[in-house]
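Remarks on the overall topology
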Amino acid sequence: MRKKISVVIPTYNEEANVIPLADAIVGVLTGELAEYDYEIIFIDNHSKDSTQMKLRQLCRENKRIKAIFNARNFGQMRSPVHGLKQATGDCVIRMCADFQDPVEMIVQFVREWEQGHKIVIGVKKASKEKRIMYWIRACYYKLIRKITDIDHIEQFTGFGLYDKAFVDVVRSLHDPMPYLRGIIAELGFDYKAIPYVQQKRRAGKSKNNFYTLYDYAMVGITSYSKVVMRLATFLGFSVAALSFLAGIFYLVLKIMYWDRFSAGIAPMLIGIFFLGALQLFFIGFLGEYVLSINTRVLDRPLVVEEERLNFEKGEGKQEDEREDQED
């Protein structure tokens, strides 16, 4: 029985990319990797353009191409992990739909997997995206590596190959806010990293904006770091000590120079604004932690599916299986 390769591709408004991408992937899988069976799973986040129509066309033409249509947009964090859980292959390749992840690297990933590597990932050594975005991402990766206890992978977007053994680990987790990069660093096997140059998006516009990137970054920090809240504690002690010393200093000056000393209100105003800003900053971070806890306590499913195409009866549906076991 031939081993199977699964390719999971999340989509949202990618009408110009899905057909050429599917053709390119099928070309690789039926050419250089013809010894393997395959499936391609598109998981669509409720696209507003003709993406779903084109996915239906692909599914009609090739039964090995499958599609999941979400009932609404569940975000770039949850939808790909749900797609990963639906894969049935001996290994699963996760890539983006915009051609920024080179299709030809699938062959390299599989060859490294054949050598015994359970996880093979693509790590950006350079990018043809906007320089400012590449720099911001680099700063974030360095920051999160410093403030967390696990070895986060720099310039890693999720593009890579995952053995079925690791996918089973992901299936066993029930996290409504799955941070895949952190899961790989914390629970994954030793990985093989392959450097590559990230290409420009071939067509369409990026769906990332400041809010989505900020949301993703906060999930990474609140899921894997205690540093920020502990920093608040240490700063609180430090500011309290400095305030006490400053109060003693001004009291001594007032006693020694009763008639001539007048500090004015400037130091008081500066202190009030400084402390107010410090409190607001850490209250905001505390709110991020509370939001993270709230989302996990609500324990909602990763996504709600509206429709799936070319899946056999009972195939996938990991969320439903978990609920049945609990009942």
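Look above for the structure.
Summary of the structure given here. Since the structure is predicted, the reported quantities are computational estimates derived from the model, not experimental observations.

With seven of eight residues buried, strand β2 (residues 37-44) lies mostly within the body of the structure. With eight bridges connecting them, strand β1 (residues 4-11) and β2 associate as parallel partners. Within the sheet, the bridge partner assigned to Ile5 lies in β2 and is Tyr38. The parallel pair β1 and β2 is bridged by helix α1 (residues 18-30), and the resulting crossover is right-handed. For β2 and strand β3 (residues 65-70), the ladder comprises five bridges, and the chain directions are parallel. From the neighbouring strand, Phe42 faces β3, where its bridge partner is Ala67. Handedness of the crossover is the feature at issue here: the chain leaves β2, passes through helix α2 (residues 51-61), returns alongside β3, and the resulting connection is right-handed.

Here the focus is a nonpolar patch on the surface. A cluster of nonpolar side chains, Leu242, Phe244, Leu245, Ile248, Val252 and Met256, forms an exposed patch at the surface whose accessible area comes to about 630 Å². Tracing the chain through its elements places Leu245 in helix α9 (residues 227-256).

Okay, the pairing of β3 next. Taking burial as the measure, the six residues of β3 include six buried ones, the bulk of the element. A two-sided burial pattern is seen for β3, the buried positions comprising Ile65, Ala67 and Phe69 on one face and Lys66, Ile68 and Asn70 on the other. Relative to strand β8 (residues 305-309), β3 runs antiparallel, the two sharing four bridges. Paired with Ile68 across the strands is Arg308, a residue of β8.

A few words now on the nonpolar core. The biggest cluster of nonpolar side chains holds 39 residues, and the ones touching the most others in it are Ile25, Ile40 and Ile106. Taken together, the elements giving at least two residues each to this core come down to β1, α1, β2, α2, β3, β4 (91-94), α4 (105-114) and β7 (191-198). Here this core gets seven residues from one element, more than from any other, and that element is α1. With near-sequence residues (within four places) excluded, Ile40 lies in contact with Val7, Ile9, Ala22, Ile25, Val26, Leu29, Arg64, Ile65 and Lys66. Counting 24 residues, the second largest nonpolar core, distinct from the first, contains Ala87, Val123, Phe166 and Val303.

The rules we used
Residues numbered from 1 in each chain as written. Predicted model: local features only at pLDDT ≥ 70, side-chain atom pairs only at ≥ 80, totals over all residues. Heavy atoms only, no water. Buried < 20%, exposed > 50% of the residue type's maximum accessible area, 1.4 Å probe, protein only. Helix = DSSP H or I, 4+ residues; strand = E, 2+ residues; numbered from the N terminus. Pairing = 2+ DSSP bridges. Right-handed = clockwise from strand over helix to strand, strands pointing away. Patch = residues over 30% accessible without salt bridge, like charges linked within 9 Å, V, L, I, M, F, W, Y side chains within 5 Å. Areas by Shrake-Rupley, 256 points an atom, 1.4 Å probe, with all protein chains shown as cover. Salt bridge = Lys/Arg side-chain N within 4 Å of Asp/Glu carboxyl O. Core = buried A, V, L, I, M, F, W, Y, C linked by side-chain atoms within 4.5 Å. Contact = heavy atoms within 4.5 Å.

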